[in-house]
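# Examining the three-dimensional arrangement
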Amino acid sequence: MTLSISPLGAFRAQLGECPVWDWETGMLWLVDGRAGLIVALDPETGEVRRRIALPAPVGSFALNDDGRLVVALRRSIALVDPVTSAVETLAELEVDHPNLRLNDGVVLPDGSFLMGTMHIFREPGEAPLGGLYRLSPDGATVKLATGIGVTNGPRMGPDGCLYVCDSAARRILRFGIGEDWSLEAPEIFATTDALDSAPDGCVFDAQGILWTALVHAGALAGFDPQGRLVRRIEVPVAHPASLCIGGPEGDRIFVTSISDSGRLRAQGPLDGNVLRITGAGVWAPQTRRANIRGRGRQDIQVAADLPDALVQNACC
């Protein structure tokens, strides 16, 4: 099949992030983080089927199995009813800083939700605040790691490890996972300096290739299990931000993009649009919904052995 890239409808985001294919309804969900919008699009026409407005910025979200959304807002983690817009706050970051907020996240195999922070405009040598956090199904939140400047693309790999981009450092980290979802000291899985871009959102395909959006290079990059670049797809937007694999047959790549994130801007005819890619020869592994049950606001706990992502060893 010939590779084909086309815009999906007319929806245009300022900061298109966190695309999620909904296997139950056959819709594509995504975030416009800067506008504070979560939308669901028809995968054929791009028509907006659902629109939820929240306080901006929105970092990421997940579909929950009770019909609500698990949402990472600026400092808080919440369950949101997409019909009534009712918000149940479950936790807030333990530190408040004007340049720190929650960012990308992912559902883990047990139905918990993992998310990370971004701490921008740091001074040289200043360690980033925040880290990686896991919201468990019972509504408790635990801090799992520190030392990540800008968290993007967290994904569970087929090897049972957690892969996380630090976009500020232009590298993809790999964490081994211990008991109770504790994280081991990370290794560097891949770096993207040679690709002239930071890595942004990620997805694994069914063949075990880790795809990431090269947000500064207008392309998608695919890495094999050894961290070697094996695929590259150029896309007609300046700043692709994230991607997922879905569609009725599970063989389409959907790419979100940026028109004005506040730091990155582009004015091309497709910048900010969602792109639909067919013929790439990829297939989606099945994903699940989160299984979070709110029990009111709880303080964030800290894991006993907290790995610092500023200290890594090369793995490949």
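Up top you'll find the structure we're talking about.
Residues numbered from 1 in each chain as written. Predicted model: local features only at pLDDT ≥ 70, side-chain atom pairs only at ≥ 80, totals over all residues. Heavy atoms only, no water.

### Considering the sheet that holds strand β25 (residues 301-302)
Backbone hydrogen bonds hold the strands of a sheet together, and the pairing may be parallel or antiparallel. As a reminder of what qualifies: Any two strands with at least two DSSP-identified bridges between them are counted as paired. Note on conventions: DSSP H or I runs of at least 4 residues are helices, E runs of at least 2 residues are strands, and numbering of each starts at the N terminus.
Spatially, five strands are ordered β10-β11-β12-β13-β25 in an open sheet, and the strand pairing comes out mixed. Sheet topology places β10 (100-107) and β25 at the edges, where each strand pairs with a single neighbour. Sheet topology places β10 next to strand β11 (residues 113-119); six bridges connect them, and they run antiparallel. If you follow Leu100 over to β11, its bridge partner there is His119.

### Structural notes on the pairing of strand β24 (residues 273-278)
This is how the line gets drawn: Categorising residues by exposure relies on relative accessible area from a 1.4 Å probe, with only protein chains included: less than 20% of the type maximum marks a residue as buried, more than 50% marks it as exposed, and the intermediate range marks it as partly exposed.
For β24, a buried count of five out of six residues is recorded, marking the element as mostly surrounded by other parts of the structure. The pairing of strand β1 (residues 4-12) with β24 spans five bridges and is antiparallel. Pairing of Ile5 across the sheet is with Ile277, part of β24. Of the pairings in the sheet, the one linking strand β23 (residues 252-257) to β24 comprises three bridges and is antiparallel in character. Considered in β24, the bridge of Val255 is made with Leu275.

### A look at the packing of aromatic side chains
What describes a pair of aromatic rings is the distance from one ring centre to the other and the angle between the planes of the rings. Condition: Whether two aromatic rings pair depends on their centres lying within 6.5 Å, for rings of Phe, Tyr and Trp, where Trp uses its six-membered ring; planes under 30 degrees apart make the pair stacked, over 60 edge-to-face, and the rest tilted.
One pass over the structure, following the stated rule, counts five aromatic pairs. When the ring of Trp21 is compared with that of Trp23, the centres are 6.4 Å apart and the planes differ by 85°; the resulting orientation is edge-to-face. Classification of Trp23 as partly exposed rests on a relative accessible area of 29%. For the ring pair Tyr163 and Phe189, a centre distance of 5.0 Å and an interplane angle of 85° mean the geometry is edge-to-face. Here Phe189 lies in strand β17 (residues 187-191) and Tyr163 lies in strand β15 (residues 162-166), a separation of 26 residues in the sequence. Clustering of aromatic rings is evident, with ring pairs tying together Trp21, Trp23 and Phe254.

### A short note on unusual backbone geometry
Note that the residue after Ala56, namely Pro57, is joined by a cis bond; omega there is 0°. Mapped onto the secondary structure, Pro57 falls in the loop between β5 (48-53) and β6 (60-63). Residues other than glycine seldom take positive phi values, yet Phe121 does so here, at roughly 55°. Among the secondary structure elements, Phe121 is positioned in the loop between β11 and β12 (132-135).

### Things to note about the nonpolar core
Test applied: In these notes, a set of buried Ala, Val, Leu, Ile, Met, Phe, Trp, Tyr and Cys residues joined through side-chain atoms within 4.5 Å is what counts as a nonpolar core. It only takes one pair of heavy atoms within 4.5 Å for two residues to be counted as in contact.
Grouped together as the largest cluster of nonpolar side chains are 18 residues, with contacts concentrated most on Val70, Phe113, Met115, Leu135 and Ile292. Those elements giving two or more residues to this core turn out to be β7 (69-72), β8 (76-80), β9 (87-92), β10, β11 and β12. Examining the composition of this core, we find that three residues originate from one element, β10, more than from any other. Apart from residues no more than four positions distant in its own chain, Val70 is found in contact with Ser60, Phe61, Ala62, Asn64, Ala78, Leu79, Phe113, Leu135, Ala290 and Ile292. Ile209, Leu243, Ile277 and Val282 belong to the second-largest nonpolar core, a separate cluster that totals 17 residues.

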